[in-house]
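Structure at a glance
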Amino acid sequence: MKDLLAGLNPSQKEAVTWPPVRPLLILAGAGSGKTRILTHRIAYLIEHGVPAFTILGVTFTNKAAQEMRSRIERLVAQRVWISTFHSTCLRILRQDGPAMELDRNFIIYDEYDQLQVIKECVAELKLDEKKVNPKAVREEISRAKDFLISPEQYLAKAMDLFQDSVGKVYKLYETRMMRLKACDFGDLILKTVVLFDRHPEVLKAWQDRFQHILIDEYQDTNHAQYRLVKLLASARHQITVVGDPDQSIYAWRGADIKNILNFEKDYPDAGAIRMEQNYRSTPVILEAANHLIRNNQMRRPKALWTEQKGGAKIDLYNAEDESAEAKYVVGNVMKYKGQGRTFADQVIFYRVHAQSRVMEEELMRANIPYKIVGGTRFYDRKEIKDVIAYLRVVAYPHDEVSLKRVINVPTRGIGKKALETLQAAAQGRTWDEVLQGLSTVEGLTPKVQKSLSSFYAWITKLRNKQCEMTVHEILERVLEDTGYVTALEAERTPEAQARLENIEEFYSVIEDFNETADQRLEIVEDGAESAPAEMAQSPLAAFLDSIELVTNLDAWDQGTNVLTLMTLHTAKGLEFPIVYMVGLEEGIFPHVNSFAGPSEEIEEERRLCYVGMTRAREKIHLSYATTRRMYGATHQNLPSRFLTEIPAGLCDARATFSRGSYRDEDDDQDSVSRSVCDADPDPDPIIEFDDDPPAPDRSRDRYSR
DNA sequence: ACGGAGGATGTTTTT
DNA sequence: CATCCTCCGT
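Treat the numbers as computed from the prediction; the structure is a model and nothing was measured. (Residues numbered from 1 in each chain as written. Chains lettered and ligands numbered in written order. Predicted model: local features only at pLDDT ≥ 70, side-chain atom pairs only at ≥ 80, totals over all residues. Heavy atoms only, no water.)

1. Brief notes about the overall build of chain A
Here is the rule: Helix and strand labels come from DSSP, where a helix needs a run of H or I of at least four residues and a strand needs a run of E of at least two; each type is numbered from the N terminus. A 1.4 Å probe rolled over the protein chains alone gives each residue an accessible area, and that area as a share of the maximum for its type sets the label: buried under 20%, exposed over 50%, partly exposed in between. In this analysis, two residues are considered to be in contact whenever any of their non-hydrogen atoms come within 4.5 Å of each other. Note that accessible areas follow from Shrake-Rupley with a 1.4 Å probe, and for residues the cover is restricted to the protein chains shown.
Scanning chain A for helices and strands turns up 31 helices and 18 strands. A total of 705 residues make up chain A; the buried ones form 54% of that total. Excluding contacts between residues fewer than 6 apart, the proportion of contacts in chain A whose partners are at least 24 apart in sequence is 77%. For chain A, the exposed surface amounts to about 30800 Å²; the carbon and sulfur share of it is 51%.

2. Brief notes about the pattern of salt bridges
Keep this limit in mind: Note on definitions: salt bridges are taken to be side-chain nitrogens of Lys or Arg within 4 Å of carboxyl oxygens of Asp or Glu.
As enumerated under the stated definition, the model contains 47 salt bridges in all. Its salt-bridge partner being K382, residue D386 comes within 3.1 Å of it at the nearest N-O pair. Remark: K382 and D386 occur in helix 18 (residues 382-395); sequence separation between them is 4 residues, near one turn of the helix. Note on D386: relative accessible area 2%, which makes it buried. Relative accessible area serves as the criterion here: at 42%, K382 is assigned to the partly exposed category.

3. Describing the confidence of the model for chain A
The condition is simple: Confidence scores here are pLDDT values: one per residue, from the predictor, ranging 0 to 100.
Confidence along chain A averages 86 in pLDDT terms, with 89% of residues attaining 70 or more. Here residues 655-705 is a poorly scored stretch, pLDDT under 50, and it has 72 contacts once near neighbours within four places are set aside; other chains count.

4. Regarding the protein's contact with DNA strand C
Formally: Whether a residue is near a molecule or strand depends on its heavy atoms: it is near if one of them lies within 4 Å of it. Polar contacts, as counted here, are pairs of nitrogen or oxygen atoms within 3.5 Å of one another; within protein the pair requires one atom able to donate a hydrogen and one able to accept it, and residues that are adjacent in sequence qualify only if both atoms are side-chain atoms. Residues are grouped as follows: Ala, Val, Leu, Ile, Met, Phe, Trp, Tyr, Cys and Pro are nonpolar; Asp, Glu, Lys and Arg are charged; every other residue, Gly included, is polar.
What surrounds DNA strand C is the set K119, R357, R629, Y631 and G632. The separation between a phosphate oxygen of DNA strand C and a polar side-chain atom of K119 is 2.7 Å. R357 is positioned with one of its side-chain polar atoms (N or O) 2.3 Å from a phosphate oxygen of DNA strand C. Broken down by class, the residue content of the surface near DNA strand C amounts to 1 nonpolar, 1 polar and 3 charged.

Set out below in structure tokens:
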């Protein structure tokens, strides 16, 4: 026990040792050691007689979950159920979904799959895709689910024609998803809440299972997640939540900051502990971040502090255009490299993925190894989606979306006409049933008939054998029998080559899955383990589950010596010695879309900026470009308002690199700075730095169009 | 049925 | 700028 408390400050100690039977709110500022506190608290509970299998830990990403799990294992050599809301709900539904007529073998539909279903619904309702944009509908439906709003409730509240259409699509979408035995991401949470609401006995069982609940990043929970937590915790009130309202960056996704602000109302016997001492960054960085975030009106005052002294000033650079900005970053990356820092010590944050491309070009030119986290996810690539669709067709006969995707890939003579005929023949039945009774379908040419029936026979054979085969073997069969690989090889283009490599890579995803099989064993009682409900399915179905909820961050390994690029959203929870934040321009960051809405949206952008800055341990580089080409058009953006909100005294606006050269120019600082000034006839920054942040109305005047 | 060309379209952030 | 979609020639 002494180990667990060693080196903790008083408030950290209080948080770790807070009575397990009382609710606890930990308001943990950035870099205040919140992961450490959570893991130590869980370890502390276990050391004080709480059985490990009665603890539930919820994190924001799978990566964080994995990290926390292994830290706890190191502390107390016990395995604890730590995962995301989505993975947790998936397990609950796999086990108890049948109680509410949810097929145990439901399939998870991602955004792409959702969109396919929505498009069909829009078409069936004879709505105009131009007016009822499927992607917009998807957003609306997802948001409705975040707030536990049913189609009927949505329709009742529809204010205009668009919402009315959305409501109708939503309704049809739900019946369709039911028939497809499919759940989208929102369903995982929503259906679990419904399950608990309707079946007290099921809820009771899970309350007994999860007697102690700890939630990380509580400021970013949405209403559905809030209800879920409340249901689970209602029996015992043994709940600990950790969060930081200043780091709430997912309101656009339904996150409700009130969840954390009202925690003490929800649990009147709750204690609250604030942790504002920062162990990560220099005072310069913290002061800048504190100043920035003070501009948010709707916020409780808070300021991070540190015992550290000194620290390098924030480097601010005004680039001519986006490629000059990239050169600035690359120049500095090499400078630090020359000083003995690694590439992995440094990270580039941007607001939108589209900004990564210029950076990439410059990094390639300089031969700097880099890794982009996010962007087009590995699993979003066409070939990977194809391959997964094949696997899903084998595992889930009811997965029509996947079937439609691969039925003619590679081409086997099934064209538009044939698909229409099948659709017409379906009449509410699934395509699987249609294919079963293929001979009765009228209007297909003999050639198509033959092609379809041999395709279906092949699928059926694979389905029947899937339990005796490894996932690897099934994939091999698919790729060989369909001629998918052969077709790509025949193309003989670099693109096809890249696709083949990605498919090779997919094999290693399967290997990873096999190697980590023991980690998915469920902890049923002290020491005992058993395969969880979803493992009772075929290995293939279990594998598909495991890849469905992974995020782009999960595959990222901070250890390897490469420079990392990512969006600010992905950056949450991470830390780096040296941070570059690029594109600090009005319209980019804060993003244009935040201008029109209520001021909360700008405040969320500001929190995002705050999150980015507080990732840095030693040094921040901020940059903006005077002109920027994006989405094919050139824009002239004003410097970001956030730059004016950082005190000038903390910034060094002179660039310390040499243009057009990636060499370490360290012993040549003076001439380097001069060369930059020479190139810039007007060395005065465009932005005026005030020691006091500008009044909000003034800054709005200045930047609004 | 298929594949290419060309046009329209929409572009934030993600579990 | 890139993706999706449609239309047209084969």
